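Observations on the three-dimensional arrangement
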Amino acid sequence: MTPQNIDSNISKDSEAMLDLVTKFSMDIMRKAGIELDKMSKPEDVIASDSVLWDVHRKYQELGLHTARIPKHLGGTAGEADPLASVLMIEQFGYSDTGLAISLGVSAGTFHLASQFPHPDMQQLARDYCEDKEAKMIGCWAITEPDHGSDWVIAESYPQCGPSVKAVLKGDEYILNGEKSAWVSNGTIATHATLHVSLDPSRGMQGQGLAIIPLNLPGISRGKPLDKMGQRPLNQGSIIFEDAVIPKKYMVVPIPDFMNATFGQGLADVNGGMAILFAGLARAAFDEAFRYAKERIQGGVPIFEHATIKHKLMKMFAMTEAARAGARRMAIYNLKNPVSPSVAHAVAAKCFSTETATFVASEAIQILGGYGLAKEYPVEKMFRDARTGMIEDGCNDALLIKAAEFL
Ligand SMILES: Cc1cc2nc3c(=O)[nH]c(=O)nc-3n(C[C@H](O)[C@H](O)[C@H](O)COP(=O)(O)OP(=O)(O)OC[C@H]3O[C@@H](n4cnc5c(N)ncnc54)[C@H](O)[C@@H]3O)c2cc1C
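Nothing here was measured: the structure is a model prediction, and the numbers come from that model. (Residues numbered from 1 in each chain as written. Predicted model: local features only at pLDDT ≥ 70, side-chain atom pairs only at ≥ 80, totals over all residues. Heavy atoms only, no water.)

**Structural notes on the packing of aromatic side chains**
Under the counting rule described, the total for this entry stands at nine aromatic pairs. With 4.1 Å between their ring centres and 15° between their planes, F110 and Y128 make a pair best called stacked. Separated by 18 residues along the polypeptide, F110 in helix 5 (residues 97-114) and Y128 in helix 6 (residues 119-130) bring together distant segments of the chain. An identical accessibility class is assigned to F110 and Y128; each is buried. Both rings, one in Y291 and one in Y376, keep their centres 6.0 Å apart while their planes meet at 90°; by these two values the pair is edge-to-face. With Y291 in helix 9 (residues 262-294) and Y376 in the loop between helix 11 (342-367) and helix 12 (378-388), this pair connects stretches of sequence that are 85 residues apart. These aromatic residues form a ring-pair network of at least three members: F285, F289, F303 and F316. In this structure, K293 packs its charged tip against the face of F303, placed 4.0 Å from the ring centre. (Phe/Tyr/Trp six-rings, centres within 6.5 Å; stacked < 30°, edge-to-face > 60°. Helix = DSSP H or I, 4+ residues; strand = E, 2+ residues; numbered from the N terminus. Buried < 20%, exposed > 50% of the residue type's maximum accessible area, 1.4 Å probe, protein only. Lys NZ or Arg CZ within 6 Å of the ring centre and 35° of its normal.)

Structure (structure tokens):
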């Protein structure tokens, strides 16, 4: 039982893709997410017989991992209508946000590789498109034990430079330092998008960007992180001790170029998060709506009580506002990849994550005691949603930064 669907104007082909994503996300991701969430040890989430791998394998077997990679490299970028693309991302967030982020972050590194003309990067993107067994997993390593929000708002302070430093020696960079335990897919990734310091005298302004395989000598991993929400999402640190990286992997060796594209990166990451968490808000609303129609108290379904109707309608209004804002921003930014609206992307990320947290919390209230029980999905949805307000930048820090783009 769900409210009326008013999403129309989707082509037949895109509708078929959306059906495929809906089936995969509900039959495989939702079920796996519930199982993985219950595991008390994060090591079990990534064990070789874990359902986590079924999710990654099926995602790649279905070819969903190639959605942002250009056709000439084997990808399927541009095949779906913009609205259908947004609805697919929303559906991933609806089913399990932690797993959706694991899949999205993984694909992100190879999508980024496809943007660089170096033959090795083009080949990396091609290999990823051909990988139907999830042998290649990407991650995005930026946060460090001593630098979280600094990456977002303190980039002009020289004392806030990255602690992972890369020093060029001949044809190789020598890397030392650590990326924090918050790196998504950190202990399972085979490849990383890695932010490093190239010129420590320029602080955050002196950074470069590398895309590297993580099996190089001198690279090790920390323990998988144990946390409150999005427990199916593996996270862990990456440690560099005199790691030797061939020069060709430093895809952005010029800090000024990096700074020029900072807004694009912020818009891209926040744009995706905005859609995913609008999906999670919808999922929590649907659970509460369904329950309210079925649960009898005072001799009638609780939906008949005015307070429940009022709560549901407010949850619905906020969810629809989050979905509409995320969608409007995403469609504009999809059409304007070089000059996206950072302010709209950050506004949508913050609004969606806060809406998902509010709606999931109200869903718990509507389910009463059952809302707190593991048997029902809403307590997990609440934990997953709350995590989003810190993920990929604390909302507070993001809002301060995004104001500069108004
Ligand atoms: C689920 C999840 C997934 C993540 N995935 C990744 C990933 O894939 N890769 C990766 O590299 N990182 C990842 N992160 C890390 C994430 O980006 C950081 O947690 C985030 O940027 C905040 O950094 P921090 O935790 O160090 O908090 P801090 O920066 O220490 O902030 C603590 C508090 O202080 C406030 N604050 C800090 N500085 C300022 C300031 N200058 N002005 C005002 N207020 C300030 C913040 O708003 C916050 O409330 C992930 C985090 C989560 C929760």
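The rest of the description comes next.
**Brief notes about the site of the ligand**
Neighbouring residues of the ligand: 21 residues in total, closest W140, T143, S149, S184 and Q235. Between the ligand and W140 there is a distance of 2.7 Å, counted from a nitrogen atom to a backbone nitrogen or oxygen. Between the ligand and I142, the relevant distance is 2.9 Å, taken from an oxygen atom to a main-chain nitrogen or oxygen of the residue. Look at the ligand: alone it shows 980 Å² of surface, and the protein chains cover 69% of it. Those elements giving two or more residues to the shell around the ligand turn out to be strand 1 (138-141) and helix 13 (395-402). (Near = heavy atom within 4 Å. Polar contact = N/O pair within 3.5 Å; in protein donor to acceptor, adjacent residues only side chain to side chain. Areas by Shrake-Rupley, 256 points an atom, 1.4 Å probe, with all protein chains shown as cover.)

**Things to note about the packing of helix 11 against helix 13**
In the contact formed by helix 11 and helix 13, the axes pass within 9 Å of each other and the chain directions differ by 155°. Comparing the axis directions of helix 11 and helix 13 gives the class roughly antiparallel. Every pair of crossing elements has a handedness; the one defined by helix 11 and helix 13 is left-handed. Listed contacts from helix 13 to A343, V346, K349, C350, T353 and E354 of helix 11 are N395, L398, L399 and A402. (Axes fitted to C-alpha atoms, helices over the stretch in contact; angles between N-to-C directions. Parallel < 35°, antiparallel > 145°, perpendicular 65-115°, else oblique. Left-handed = near helix turned anticlockwise from the far one by under 90°. Contact = heavy atoms within 4.5 Å.)

**A look at helix 12**
Most of helix 12 is tucked away: nine of the eleven residues are buried. Buried within helix 12 we find V378, E379, K380, M381, R383, D384, A385, T387 and G388.

**Description of the environment of M250**
Secondary-structure assignment places M250 in the loop between strand 7 (238-246) and helix 8 (255-260). A residue is classified by how much of its surface remains accessible, and M250, at 5% relative accessible area, is buried. Discounting residues that sit within four places of it in the chain, M250 has contacts with A166, Y173, V196, L198, G208, L209 and A210.

**What about the nonpolar core?**
Grouped together as the largest cluster of nonpolar side chains are 97 residues, with contacts concentrated most on F92, L175, I212, I219, F240 and L312. If you tally residues by element for this core, the top one is helix 9, at twelve residues. (Core = buried A, V, L, I, M, F, W, Y, C linked by side-chain atoms within 4.5 Å.)

**Concerning the side chain of R327**
For R327, the position within the fold is in helix 10 (residues 306-335). Ignoring sequence-local partners within four residues, the contact set of R327 consists of D7, L83, V86, L87 and E90.

**Comments concerning the domain arrangement of the protein chain**
You can read the domains of the protein chain as domain 1 (12-136), domain 2 (139-255) and domain 3 (261-405). Here the C-alpha centroids of domain 1 and domain 2 sit 23 Å apart. Taken together, the contact between domain 1 and domain 2 spans 30 residues of the former and 24 residues of the latter. Regarding the contact of domain 1 and domain 2, the summed buried area is about 2100 Å², with carbon and sulfur atoms giving 68% of it. Here D120 ties to K248 by a salt bridge, and the two come within 2.6 Å at their closest N and O atoms. The interface formed by domain 1 and domain 2 holds seven residue pairs in polar contact (both at pLDDT 80 or more) in total. Within the residue set of the side of domain 1 that touches domain 2, elements represented by two or more residues are helix 1 (12-37), helix 2 (42-45), helix 3 (51-61), helix 5 and helix 6. No other element matches the eleven residues that helix 5 contributes to the side of domain 1 that touches domain 2. In terms of residue class, the side of domain 1 that touches domain 2 is made up of 17 nonpolar, eight polar and five charged. (Domains from an automatic or database assignment. Buried area = accessible area lost by both parts, 1.4 Å probe. Salt bridge = Lys/Arg side-chain N within 4 Å of Asp/Glu carboxyl O. Nonpolar A, V, L, I, M, F, W, Y, C, P; charged D, E, K, R; others polar.)

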